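The lines below spell out each chain.
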Amino acid sequence: MSAAGGVNSVVARGEVGEDAGLGTPTRLDARLALPALSGWLAAIVLVGVPNAAGGAAAAAGALLAVLAAGTAIAGRGARRRAGGWTAAGIPAVVAIGVVALSIALLAPARAPHAVADAIERGGSLVGVIALEQTATGDDASADAVLERVEPIGGAGTSVAVRVPVRVLGLDAGERLPLGTRLEGRVRIIPLEPGDDRVALARPVGELRLVATPPPLIGAADGLRERFLVVAARLPGPGAALLPGLAIGDTSAVDDELDAAMKRSSLSHLTAVSGANCAIVVGLVLGIGAIARWRRAVRVGAALAALGGFVVLVTPEPSVVRAAVMAAIVLLAVASGRPARGVPVLAAAVLGIIVLDPWAAREYGFALSVLATAALLVLAGPLADRLATVMPRTIALWIAVPLAAQLACQPVLVLLAPEIPLAGVVANVLAAPAAPVATIVGMLACLVAPLLPPVGLVLAAVAWVPASWIAGIAGVASGLPVAVVPWPEGAAGALLLAVLVAGGLIAAGIPQPIATGRARAAIALATATLLVGVTGATAGVAALRGLGRPTDWAIAQCDVGQGDAVLVRSAGRIALTDTGMDAERLESCLRVLGIDRIDLLVLTHFDADHVGAIEVVIGRVGTVIVGPTDGERDESIVEALRRGGARVESVAAGRSGALGDYRWRVLWPPGHRGIEPGNDASVVVEWRGDAGCGCPSMLALGDLGRSAQESLRASVRLAPVDVVKVSHHGSNDQDPELYGAARAAIGLIGVGADNTYGHPTAEAIHAVDDAGGAVRRSDEHGLVLVAPSSEPRADGPPEWRVWTERAAGQSASPGAWVRVAQDRVASETATSKLVMSE
């Protein structure tokens, strides 16, 4: 939560479990907390129940709640005699029932009869889609709602529906703002039950613009777009960060800055949260108080301003939660009743879950709720403990980010299995700057269209604290031990939650619940477990390093949703593409001991192939590229040249050597009929000299099916040992090409939980049907291909395939598979897994 000053004043006023008299604890009002938590957990479970069973389970829960409530009312006297636990349990049961009933009522509308078949089987349909997010650039993706669908066969009138989807492969050009409506045929790719989106929707052909955003939404988007233009006139990373701090727009934040913000635990500052809503409401109420408006007028104006703010920044989960919470506070003010933090938060959580049960599983929603709860419950007691060894003001500044990090870290390790060591310090240093950047930046956004010079001046003022925050992120993330590894998955999250709980109980926070001796024993057990877990995790990482082959010839780095494939021979290194995650690429190169790249192949200029280019600038000897498309592509080429690289544009027929390897460009053709993009990807074939023990490889870039067919028709493809599967395993593949390649190993660079549905069954089957084994970065992590440690004197060669982890496992010390490539005179090949070690 960014406005630390506002939070500190709340803590000091005693709204987190203390009176205004410092150090005098009061009983926390948690009457709504148990119902809200029960309803939240029920939603997490019930929305994941597939198909009709989900409705049945929800209806059963609703019936149970009704029966429980009726029994409770009938037995009021008995309930009184039973004590507080029964009285506290009844509202929780009722909350579960209400949430279950909400799911039962809302679930059918998410998969109505008109689209049920397409959702279940993954077919296509014609419909109207309304964007819920702004999309920019080529091959963009955005959350959307499928609003109307044409009947099967095209006869009759269209049917109104409301199905949440995520649209992939949008050609957004400069910008498609939120609220834009598009019509056309889309292919439906169903998602797992419990996802907030029912399916992915990929356009089949072009989508036609049928409606622009409504006037209010369009005006808000115009303000955001204008502010982005103003901020872009300012220099450095502060300019990229400013729109995120002010209005939650992170489109200008590059991968390097994004990684630095995450490693330093500062990424929450670019997500609009309760602090921003508090600023808006506080300003309006303050103006109203100065103008002596009546209470009802002040509250009405504040609610209107809050609604406008939500429209301006778009309704992300944290914004919705914060707005609902602020609205509840304002209504309490209007009624003349005091509003305390925990009941308001609980009411907001329960209200949001009832209105949208599928929000229960969203990481953003969970982090927002946990951070707010931590500030309300933990920040005050933490400040009291710290105040015994330091001044109260400093203790309060440290307690706020520490409380938020303690509450959120068990969830954050599900996203990245690491713990940032400098996060609290970074947040303490950033806290004074964040509210200034937020307030002044928001004013610049509103003023810029009316008074451009004034807007630019305000943006320049806000740029100063934004640059300070960006600088803190860069320094904190660059520390030698900025993060420590932690076990992955649910087990790692649960383990960390247990350690956090143990530490808080040992410290008597939020209040002592055990004797001094018991707390000492808990502290000792917690410290022992912490040392054991960190030591074991470091040990596993060391084992991975010990098991890694040093004689690898081909490596696929795990760079998320992107490609980065290395070839090594005789001490020389080639890299094909960089992916777009600079931190992951840098880590892979560091782990493999690579400082210098002799040959860089940029297949094409999409972000998931060149987004991390800054990592290799100044470290490359020669670069080969395909056709460029505009200023952005040329700027990348020029940056490489300035870094000392020799850049050459290539076409089919170009060849060269790398150690004992010979490489040859097979695509694109030299004529002018190929437009820059996926189908103009530079395709390179790698083959080793006789006796070098080098696995051959065909790297396909992002070629689509039609381009693959053209490649197959223009070049006689010989079998290879490894194929770099095209386009991260999309369904746009030519099975005959993979059949001709007959690769023993298929490498797929793909991000875990990506929204594109990669890799698809079609791509995996293309490799499998050709006799190959798929190794994918989302499941296997780093993949290394090396010659067999026991070379065969006769017969086909064998390759060792080492993976950072086994498929389906989040942390293993490395997995080996030996693959044999059997060749026959006709130059066909059959690949098989020979053994596992």
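Conventions and cut-offs
Residues numbered from 1 in each chain as written. Predicted model: local features only at pLDDT ≥ 70, side-chain atom pairs only at ≥ 80, totals over all residues. Heavy atoms only, no water. Helix = DSSP H or I, 4+ residues; strand = E, 2+ residues; numbered from the N terminus. Buried < 20%, exposed > 50% of the residue type's maximum accessible area, 1.4 Å probe, protein only. Areas by Shrake-Rupley, 256 points an atom, 1.4 Å probe, with all protein chains shown as cover. Pairing = 2+ DSSP bridges. Polar contact = N/O pair within 3.5 Å; in protein donor to acceptor, adjacent residues only side chain to side chain. Contact = heavy atoms within 4.5 Å. Expected span 1.5 Å × (residues − 1). Bend = angle between axes of the 7 residues up to and from the residue. Disulfide = S-S within 2.5 Å. Patch = residues over 30% accessible without salt bridge, like charges linked within 9 Å, V, L, I, M, F, W, Y side chains within 5 Å. Salt bridge = Lys/Arg side-chain N within 4 Å of Asp/Glu carboxyl O. pLDDT = per-residue confidence, 0-100. Axes fitted to C-alpha atoms, helices over the stretch in contact; angles between N-to-C directions. Parallel < 35°, antiparallel > 145°, perpendicular 65-115°, else oblique. Nonpolar A, V, L, I, M, F, W, Y, C, P; charged D, E, K, R; others polar. Phe/Tyr/Trp six-rings, centres within 6.5 Å; stacked < 30°, edge-to-face > 60°. Lys NZ or Arg CZ within 6 Å of the ring centre and 35° of its normal. Core = buried A, V, L, I, M, F, W, Y, C linked by side-chain atoms within 4.5 Å.

J.: Looking at this model, I keep getting lost on the overall build of the protein chain. Mind explaining?
T.: Along the backbone of the protein chain there are 28 helices and 25 strands. In the protein chain, buried positions account for 47% of the 837 residues. Surface exposure of the protein chain reaches about 36600 Å², of which carbon and sulfur atoms provide 61%.

J.: Please clarify how the pairing of strand E4 (residues 181-190) should be interpreted in this entry.
T.: Consecutive side chains of a regular strand alternate in pointing toward one face of the sheet and then the other. Pairing between strand E1 (residues 124-131) and E4: seven bridges, direction antiparallel. Its bridge partner being in E4, Ala 130 is matched across the sheet by Arg 181. Here E4 runs beside strand E6 (residues 208-211); their pairing, made up of three bridges, is antiparallel. When the bridges of E6 are listed, Arg 181 appears paired with Ala 211.

J.: Would you take a moment to explain the side chain of Arg 175 for this structure?
T.: With respect to the element layout, Arg 175 can be found in the loop between strand E3 (159-170) and E4. Look at Arg 175 and you get buried, because its relative accessible area is 17%. A polar contact of 3.0 Å, which involves the side chain of Arg 175, links it to the side chain of Asp 221. Discounting residues that sit within four places of it in the chain, Arg 175 has contacts with Thr 134, Ala 135, Thr 136, Asp 221, Arg 224, Glu 225 and Leu 228.

J.: Explain helix H16 (residues 392-415) to me, please; I cannot follow it from the model alone.
T.: An α-helical segment advances 3.6 residues per turn. Residues three or four places apart therefore align on the same side. Given a rise of 1.5 Å per residue, 24 residues ought to cover 34 Å, and the 34 Å separating the end C-alpha atoms of H16 matches this to within 8%. At Gln 409, H16 shows its largest kink, close to 50 degrees, and the proline Pro 410 lies no more than four residues downstream.

J.: Even after reading the chapter, I still don't get the state of the cysteines, so can you show me in this structure?
T.: Disulfide: a covalent bond connecting the sulfur atoms of a pair of cysteines. Using the criterion set out here, one finds one disulfide in the structure. Disulfide pairing places Cys 557 opposite Cys 588 at an S-S distance of 2.0 Å. Here the S-S torsion is close to -70 degrees, and the disulfide linking Cys 557 with Cys 588 is therefore left-handed. Placement of the pair is Cys 557 in the loop between strand E9 (554-556) and strand E10 (565-569) and Cys 588 in helix H22 (residues 582-591), with a sequence separation of 31 residues.

J.: I keep staring at the pairing of strand E11 (residues 572-576) and nothing clicks. Help me out?
T.: Here E11 lies mainly inside the structure; four of its five residues are buried. As paired elements, E10 and E11 share five bridges and run antiparallel to each other. Its bridge partner being in E11, Val 567 is matched across the sheet by Ala 574. Between E10 and the antiparallel strand that follows it, E11, lie two residues; Ala 570 among them carries a positive phi value of about 50 degrees. Of the strand pairs in this sheet, E11 and strand E12 (residues 597-602) are connected by three bridges, and their pairing is parallel.

J.: Quick question: what am I supposed to make of a nonpolar patch on the surface here?
T.: Together, Leu 101, Leu 105 and Leu 106 make up an exposed nonpolar region whose accessible area comes to about 270 Å². Along the polypeptide, Leu 101 turns up in helix H5 (residues 84-110). A relative accessible area of 43% places Leu 101 in the partly exposed class.

J.: Can you walk me through the confidence of the model for the protein chain in this structure?
T.: Low pLDDT means the predicted atomic positions in that stretch should not be read closely. Per-residue confidence for the protein chain gives a mean pLDDT of 81, with 82% of residues at or over 70. Segment residues 808-816: pLDDT under 50, and 28 contacts once partners within four positions in sequence are set aside and those in other chains are kept.

J.: I'm lost on helix H13 (residues 341-355) in this one. Help?
T.: Taking 1.5 Å of rise per residue, 15 residues should cover 21 Å, and H13 covers 21 Å from first to last C-alpha, within 8% of that figure. Along H13, the residues classified as buried are Gly 341, Val 342, Pro 343, Val 344, Leu 345, Ala 346, Ala 348, Val 349, Ile 352 and Ile 353.

J.: Can you walk me through the packing of helix H8 (residues 236-247) against helix H18 (residues 433-447) in this structure?
T.: The packing of two helices is summarised by the inter-axis angle and the distance between the axes. Across the interface, H8 lies against H18 with an axial gap of 8 Å and an inter-helix angle of 95 degrees. Between H8 and H18, the interaxial angle falls into the category roughly perpendicular. In this structure, H8 contributes Leu 242, Leu 245, Ala 246 and Ile 247 to the contact, and H18 contributes Ala 437, Thr 438, Gly 441, Met 442 and Cys 445. Taken together, the residues of the contact of H8 with H18 sort by class into seven nonpolar, two polar and no charged.

J.: Would you mind going over the packing of aromatic side chains with me for this structure?
T.: For any pair of aromatic rings, the description consists of the separation of the ring centres together with the inter-plane angle of the planes. Using the criterion set out here, one finds two aromatic pairs in the structure. A centroid spacing of 5.5 Å and a plane angle of 80 degrees characterise the contact between Trp 40 and Phe 365, whose relative ring orientation is edge-to-face. Separated by 325 residues along the polypeptide, Trp 40 in helix H2 (residues 33-46) and Phe 365 in helix H14 (residues 363-377) bring together distant segments of the chain. Taken as a pair, Trp 40 and Phe 365 share a single burial class, namely buried. Ring centres of Tyr 661 and Trp 686 lie 5.8 Å apart, and the angle between their planes is 90 degrees; on these two criteria the pair is classed as edge-to-face. One end of the pair, Tyr 661, is in strand E16 (residues 661-667); the other, Trp 686, is in strand E17 (residues 683-688), with 25 residues separating them in the sequence. With a relative accessible area of 0%, Tyr 661 lands in the buried category. Look at Trp 686 and you get buried, because its relative accessible area is 1%. The ring centre of Trp 358 lies 4.0 Å from the NZ or CZ of Arg 110, which sits over that ring. Across from the ring centre of Trp 552, 4.2 Å away, lies the NZ or CZ of Arg 568, which sits over that ring.

J.: I would appreciate a short explanation of unusual backbone geometry in the present structure.
T.: Excluding glycine, residues mostly have negative phi values, and the peptide bonds linking residues are mostly trans. With an omega of 10 degrees, the peptide bond running from Trp 667 to Pro 668 counts as cis. Mapping Pro 668 onto the fold places it in the loop between E16 and E17. For the peptide bond that leads from His 758 to Pro 759, omega is -10 degrees, which places it in the cis range. The residue Pro 759 is located in the loop between strand E20 (745-748) and helix H27 (761-769) in this model. Phi angles above zero are rare outside glycine, and Ala 570 is one such case at about 50 degrees.

J.: Explain the sheet that holds strand E15 (residues 655-658) to me, please; I cannot follow it from the model alone.
T.: Think of a sheet as strands paired side by side through backbone hydrogen bonds, with each pair either parallel or antiparallel. Strand order in the open sheet made by the seven strands is E15-E16-E17-E18-E19-E20-E21, with mixed pairing throughout. Edge positions in the sheet fall to E15 and strand E21 (773-776), since each of these pairs with one other strand and no more. Ignoring which end each strand starts from, the neighbouring axes of this sheet average 20 degrees apart. One ladder, built from three bridges, connects E17 with strand E18 (residues 697-699); its direction is antiparallel. Following the sheet pairing, Trp 686 is matched in E18 by Met 697. Contacts between helix H25 (residues 705-714) and the sheet are confined to E16 and E17, with E16 contributing the most and set at about 115 degrees to the helix. Across the sheet, H27 is in contact with E20 and E21; its angle to E21 comes to roughly 140 degrees.

J.: Teacher, can you tell me more about the nonpolar core here?
T.: Nonpolar side chains in soluble globular proteins generally cluster together in the buried interior. In this structure, Phe 227, Leu 241, Leu 266 and Ile 469 are the most contacted members of the largest nonpolar core, which totals 50 residues. For this core, the leading source of residues is helix H19 (residues 452-477), giving eight residues. If we skip the residues at most four places from it in the chain, Leu 241 touches Val 253, Leu 257, Met 261, Thr 270, Ala 466, Ile 469 and Ala 470. One finds Ile 594, Val 615, Val 616 and Val 625 within the second-largest nonpolar core, a separate group that totals 34 residues.

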